Amino acid sequence: IEKLSERLEGIKVGDPRKDEVTMGPVATKEQQKSVREGIALFEKHAKIVFGDREKVNVITDHPGKGFFQSPVLFHTDSPSPSDAMHAHEVFGPVSTVMSYDGSPEAAASLVSAGGGGLVSSAYSDDKAFLKKLVLGIAPDHGRVTIGSTKIAGQAIPPGLVLPTMVHGGPGRAGGGEELGGKRGLSFYMQRTALQGDRALLDLITT
């Protein structure tokens, strides 16, 4: 929490055309309202350890213009799979640190409580832990990014979709694979099976 708070403290919210700004506004007034309602909802289950629902320090030459929200970080010592933070996704700079007993089973239970996701990330050098965790969360995610000390300096960000990988996920993730490389192209193609003399088939298909 201390390390995250230090990084969040350095984020400058405001007009993204300014060099010193590292976080711009959310898209609409309705989204800003939704983000703040989500923060209020989460406050019933967790404690804010960084940020504020309303207070935003903005760097801009046009005061009053733009729907800004500073980062907010929550923490809960005793997360439950039934907490609202699993059922509700805040589309804004909001995150929650959840304490757990350290077992891959408990971690998988918390992660899977979200009801499906595009991508989940696991970071550890403990191969036994990773195996149980990844197998535990895989059924609920379209993609799982696995990080370790060995690849820390060259690892791709979790949100980056490679051309040959599936983009999409089960449940609340939405299901689609429209950005999934060759698999994604199948939505725009028709498949036909050909039967006949091998020589003719080779001539037609090559």
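Just above, that's the structure.
Residues numbered from 1 in each chain as written. Predicted model: local features only at pLDDT ≥ 70, side-chain atom pairs only at ≥ 80, totals over all residues. Heavy atoms only, no water.

### A few points about the overall build of the protein chain
- Counting secondary structure elements, the protein chain contains seven helices and seven strands.
- Along the protein chain, helices and strands appear, N-terminal first, in the series α-β-α-β-β-β-α-β-α-β-α-β-α-α.
- Taken over C-alpha atoms, the radius of gyration comes to 22 Å for the protein chain, far larger than the 17 Å a tight globule of 206 residues would show.
- Taken over the C-alpha atoms alone, the protein chain extends approximately 75 × 45 × 35 Å along its principal axes.
- Sequence-distant contacts, at least 24 apart, represent 57% of the contacts inside the protein chain between residues at least 6 apart.
- Working note: accessible area of the protein chain is about 13,700 Å², and carbon and sulfur atoms make up 55% of it.
- Separation between the mean location of the 23 positive side-chain charges and that of the 24 negative ones in the protein chain comes to 2 Å. (Helix = DSSP H or I, 4+ residues; strand = E, 2+ residues; numbered from the N terminus. Rg over C-alpha atoms; globule rule 2.2 N^0.38 Å. Contact = heavy atoms within 4.5 Å. Areas by Shrake-Rupley, 256 points an atom, 1.4 Å probe, with all protein chains shown as cover. Lys, Arg positive; Asp, Glu negative; His and termini not counted. Charge placed at Lys NZ, Arg CZ, Asp CG, Glu CD.)

### So, the packing of aromatic side chains
- Using the criterion set out here, one finds one aromatic pair in the structure.
- Relative to Phe74, the ring of Phe42 has its centre 5.7 Å away and its plane inclined at 65 degrees; by these criteria the two rings are edge-to-face. You can see Phe42 sitting in helix α2 (residues 29-42) and its partner Phe74 sitting in strand β4 (residues 72-76), a full 32 residues away along the chain. (Phe/Tyr/Trp six-rings, centres within 6.5 Å; stacked < 30°, edge-to-face > 60°.)

### A look at the sheet that holds strand β5 (residues 94-98)
- One open sheet accounts for three strands, arranged β2-β4-β5; its pairing is mixed. Each of the sheet's edge strands pairs with one partner strand only, and the pair in question is β2 (47-50) and β5. Taking each pair of neighbouring strands and ignoring which way they run, the sheet shows an average axis angle of 35 degrees.
- Across the sheet, helix α1 (residues 2-9) lies against β2, β4 and β5, angled at about 60 degrees from β2, the strand it touches most.
- With respect to the sheet, α2 is in contact with β2, β4 and β5, its orientation differing from that of β5 by roughly 20 degrees. (Pairing = 2+ DSSP bridges. Axes fitted to C-alpha atoms, helices over the stretch in contact; angles between N-to-C directions.)

### Digging into the pattern of salt bridges
- Throughout the structure, instances matching the rule amount to six salt bridges.
- The partner of Asp15 in a salt bridge is Arg17, with the nearest N and O atoms 3.0 Å apart.
- With a shortest N-O distance of 3.1 Å, Asp202 and Arg198 are connected by a salt bridge. With a gap of four residues between them, Asp202 and Arg198 both fall in helix α7 (residues 198-205), about one helical turn apart.
- Assessed through its relative accessible area of 33%, Asp202 is described here as partly exposed.
- On the accessibility criterion, Arg198 (60% relative accessible area) is exposed. (Salt bridge = Lys/Arg side-chain N within 4 Å of Asp/Glu carboxyl O. Buried < 20%, exposed > 50% of the residue type's maximum accessible area, 1.4 Å probe, protein only.)

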